[in-house]
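Letter by letter, the chains look like this.
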Amino acid sequence: MPDKFYLTTPIYYVNARPHIGTTYTTVVADAIARRKRSLGIETFFLTGTDEHGQKIERSAEKAGCTPQEFTDRVSAEFRGLWDRMGLTYDDFIRTTEPRHKQAVQKLFALLRDQGYIYKGSYTGQYCVSDEAYVDVPPGAPCPECGRPTETVNEENYYFKLSAFERKLLEFYQEHPEFIEPETRRNEVISFVKSGLRDLSVSRTSFNWGIPVPGDETHVIYVWMDALANYITALGWGSQDPSRYDRFWPADLHIVGKEITRFHCIYWPAFLMAAGLPLPKKVVGHGWLLFEDNKMSKSRGNIVRAETILDTFGAMKPDLPKAEQDRFGADVLRYFLLREVVFGQDGSFSFDALVQRYNSDLANGYGNLVSRTLAMIGRYFGGVVPENSNVPSLVSLTKLAENFTNRAIPLYSERFDDLRFSLALETAWEMVGQLDGIITASAPWKLAAKDDADSRAELAAILYAAAEAIRIITALVYPVIPESAAKVWAQLGQGHITQANLKDLKWGGLKPGTKLGESTPLFPRAEKEAITRMNEMEQKNNPAPAAASEPGNEGKAAHVSKLRSLLDGLAVAASESTNETAAILALESAVAETVREFVSGSEKRAPANPVPVKANPPATVGPATGTPVMPAAPSTGTVAAPAAAPALPEGKISIDDFAKVELRVAQIKVAERVPKADKLLRLEVDLGDETRQILAGIAEAYAPESLIGRKVVIVANLAPRKLRGLESNGMIVAASVAGGRPVLAGFLEDVEVGARLK
RNA sequence: GGCGGCGUAGCUCAGAUGGUUAGAGCGUGGGAUUCAUAACCCCAAGGUCGGCAGUUCGAUCCUGCCCGCCGCCA
């Protein structure tokens, strides 16, 4: 076994605040780091923040501060949260630090000296949000995020990525373990096989970055800047590279699945070009979904770790704040590692969190510790009893010993294989077994007798229970460090961080050990904790529509909900195969929403998918000033809508109708949307403006037949992205038998832009 | 559209180079118990292992097609 381990999280882009997605990545890394350390392996765990780029420059401008002030603030939030949670990173690198900047310049110069960087020029579209060039015609939105692109004409430095195509493929071939999970590996390989183009690695359109050495009109491409952190933090290119010499290459880069490409293609290529060793493994984990929906600011369903720390921390009011936080962190850590299959997308909900907590931590492990220590306290004065081999009980104690000794290697193998949920399942099997053994041997009955045999049996069974708990605790320490440390101390084992758990095996618990003070570990969580956490997030995630119309929140929420339902109708019509059912369902949802609005009650709206990335370069939030789509609140209730006059069931008022802005528009451009069978991209003239609308009518109308045709559109529908393209409105059509759309039109000629009233 | 992945109990997931009654946890129903955090223990209900066809003595597992979901395609 190697005696060092270097692992990293991505450095988080400071354009978004820390949320549960970034917390997840960091928690996984922390658990691995703790396990490695407890095995006596010299471990270096790096995290940090990524702080350059045009997006930051503009966000700072919007916030009315300098980029440095802006990044100082957000970076501190990340670090503050990690500290609150007691995460044990060994270094926190910021890309704005001098140590990083000078090393990145050195790397750039090295690549240039090696002949892998040359000057070229580029004219085309640039997406500020993604910090990337995109291959679309001028004026078209970014295919990745749907935001507007900018036309740029830049003379840039290029990295000869194309020179590494074959070398990379050979590397993947020789190191099949380099990328996990396998599905990510397949993607990367097919990407490289389809041909690599040289990569533009400098920008002149903004200043907030690291200047290219010798040509300060350019700043270095943010991804080259960011990726280099993994070596600059170790002191590569500095006066003192000893740490680099010790720890590089990295043993594990943990990243979100959306950035595997950068870590599995660009990063190895840069390193190859620089003549440096390649990291041993990159694992691209999945996203955390909230109740099966992607989290996004526009959806208003971003969950923050703080909510969990606060809520669970409050369950232990007697503890100092820092310990409360770390207790809350344990709860979250356990959930994330147990519930989510590492590598796959996982579903987060407060309901599931409380459920897991109560059944596994409170009723399972916590109760097991409690009942065992209570009995040792009561029957043996809090001293670990003698492990006597009592014939009548040998089968039970042997059972405990055997399954424990089997579980240790199994847990370790699974954990080290990054299959955390399975590892924890193994540990909790031990908890279940032990509960069964305790019940079967009924120590409380033995204690009621006073013969020597019963006393010996009692001692044997309680020793076995305590010893099994010691081993379980050692195993799960990396996952629930705060709680495990408490149990460790209660078992009279001292500080768990001092323990070397490499040779963990049955029999390590010394009879006669005086137990420490026993405190409740995991008080049961009440159902109302779920409501509380949902409400806390609600407050932190105001629905954008409501926020934009202060004082009229309820109404705004309803309007926004109706809009998203109408969007849903458009999508159903364009994409669903079972359109009739989908449309009927949505229609009744619309009708219900209108009724609710009228009657002043509120229920949950069905959710609509909005693609948003979770990690850097995340596009969570309207950071570039792009309007975000209003979304219905996903959970709980919102403020009661403004009083509305009573109306007959199923009817709307004239005011309600007046909210829908129907206009005559003329189709100027119509073309099929690639990859969508039913979708057409239309550009329509509204008299005073032209806008893009996506309509699910490709199966009924040939694009060329539509040019010049006058149609009715809903002009004030919230923008919505379909297949990466933004749709600003909806074409009105009748849905006839079989779901076929028939466009609404006029028998007489009408003026473009005219409103329908 | 191209390439890749997935579809197993209400939920989250295991699993088998193809071979007798397909598993676990949670949830649900019943029972038992009192050491323990209304907890723990036992029992039960619940699955044509996405659909159809093929290969085979035998397929949930292999092959093909289909349906659904998802990822990557700078």
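See the structure above.
(A) Just the overall build of chain A, in detail. Along the backbone of chain A there are 24 helices and 25 strands. Split into buried and exposed, the 757 residues of chain A put 57% on the buried side. Long-range pairs, those at least 24 residues apart, make up 75% of the contacts in chain A between residues at least 6 apart in sequence. Accessible surface, chain A: about 31500 Å² in total, of which carbon and sulfur atoms supply 51%.

(B) Spatial organisation of the protein's contact with RNA strand B. Close to RNA strand B lie 34 residues; E187, G195, R261, R371 and F522 are nearest. Counting only the atoms of RNA strand B within 4 Å of the protein, the fraction contributed by sugar and phosphate is 66%. At a separation of 2.4 Å, a sugar or linking oxygen of RNA strand B approaches a polar side-chain atom of E187. The separation between a sugar or linking oxygen of RNA strand B and a polar side-chain atom of S370 is 3.0 Å. Here the residues of the surface near RNA strand B are counted per class, giving twelve nonpolar, eleven polar and eleven charged.

(C) Inspection of the sheet that holds strand β6 (residues 150–159) at higher detail. What the four strands build is an open sheet, ordered β5-β4-β6-β8; its pairing is antiparallel. Strands at the two margins of the open sheet, each flanked by one partner only, are β5 (132–134) and β8 (199–200). Where strand β4 (residues 117–127) lies against β5, three bridges are found, and the strand directions are antiparallel. Residue Y126 lies in a different strand from β5, and its bridge partner there is Y133.

(D) Highlighting unusual backbone geometry. Omega for the bond connecting E180 with P181 falls within 30 degrees of zero, at -10°, which places this linkage in the cis form. In this structure, P181 sits in the loop between β7 (179–180) and α6 (182–193). At the junction of W248 and P249, the peptide bond is cis and its omega measures out at 5° in the coordinates. Following the sequence through the fold, P249 ends up in the loop between α9 (242–247) and β12 (252–256). Of note, the phi angle at L418 is positive, near 65°, even though the residue is not glycine. Mapping L418 onto the fold places it in the loop between α14 (394–416) and α15 (420–441). For A442, which is not glycine, the phi dihedral falls at a positive 45°. The topology assignment puts A442 in the loop between α15 and α16 (443–448).

(E) Highlighting the packing of aromatic side chains. Here the structure, examined in full by the defined rule, presents 35 aromatic pairs. Here the aromatic rings of W223 and F262 are separated by 3.9 Å at their centres, their planes lie at 5°, and the arrangement is stacked. You can see W223 sitting in helix α7 (residues 222–227) and its partner F262 sitting in helix α10 (residues 260–274), a full 39 residues away along the chain. Classification of W223 as buried rests on a relative accessible area of 9%. Note on F262: relative accessible area 10%, which makes it buried. Where F335 meets F348, the ring centres are 5.3 Å apart and the plane angle is 80°; that geometry is what we call edge-to-face. Of this pair, F335 sits in helix α12 (residues 321–339) while F348 sits in strand β15 (residues 346–348), and the two are 13 residues apart along the sequence. By relative accessible area, which is 1% here, F335 ends up buried. On the basis of relative accessible area, F348 is assigned to the buried category, the value being 0%. Through pairs of rings, three or more aromatic residues link up here, namely Y6, F44, Y230, Y244, F247, W248 and W267.

(F) View of the nonpolar core. Membership of the largest hydrophobic core comes to 125 residues, with the highest contact counts inside it found for I32, I308, F312, F348 and Y365. In contact with Y365, other than residues within four places in its own chain, are D360, W428, V431, I472, T473, I480, A484, V487, L521 and F522. Core analysis: the next-biggest nonpolar cluster, separate from the first, contains 62 residues, W223, I265, A269 and A273 among them.

(G) Molecular detail of the packing of α12 against helix α18 (residues 481–490). Put simply, α12 and α18 touch, their axes get as near as 7 Å, and they point 110° apart. Taken together, the axes of α12 and α18 lie roughly perpendicular to each other. Side by side, α12 and α18 meet where E323, R326, F327, D330 and R333 of the first sit next to P481, E482, S483 and K486 of the second. Tallied by class, the residues present in the contact of α12 with α18 amount to two nonpolar, one polar and six charged.

The rules behind each value
Residues numbered from 1 in each chain as written. Chains lettered and ligands numbered in written order. Predicted model: local features only at pLDDT ≥ 70, side-chain atom pairs only at ≥ 80, totals over all residues. Heavy atoms only, no water. Helix = DSSP H or I, 4+ residues; strand = E, 2+ residues; numbered from the N terminus. Buried < 20%, exposed > 50% of the residue type's maximum accessible area, 1.4 Å probe, protein only. Contact = heavy atoms within 4.5 Å. Areas by Shrake-Rupley, 256 points an atom, 1.4 Å probe, with all protein chains shown as cover. Near = heavy atom within 4 Å. Polar contact = N/O pair within 3.5 Å; in protein donor to acceptor, adjacent residues only side chain to side chain. Nonpolar A, V, L, I, M, F, W, Y, C, P; charged D, E, K, R; others polar. Pairing = 2+ DSSP bridges. Phe/Tyr/Trp six-rings, centres within 6.5 Å; stacked < 30°, edge-to-face > 60°. Core = buried A, V, L, I, M, F, W, Y, C linked by side-chain atoms within 4.5 Å. Axes fitted to C-alpha atoms, helices over the stretch in contact; angles between N-to-C directions. Parallel < 35°, antiparallel > 145°, perpendicular 65-115°, else oblique.

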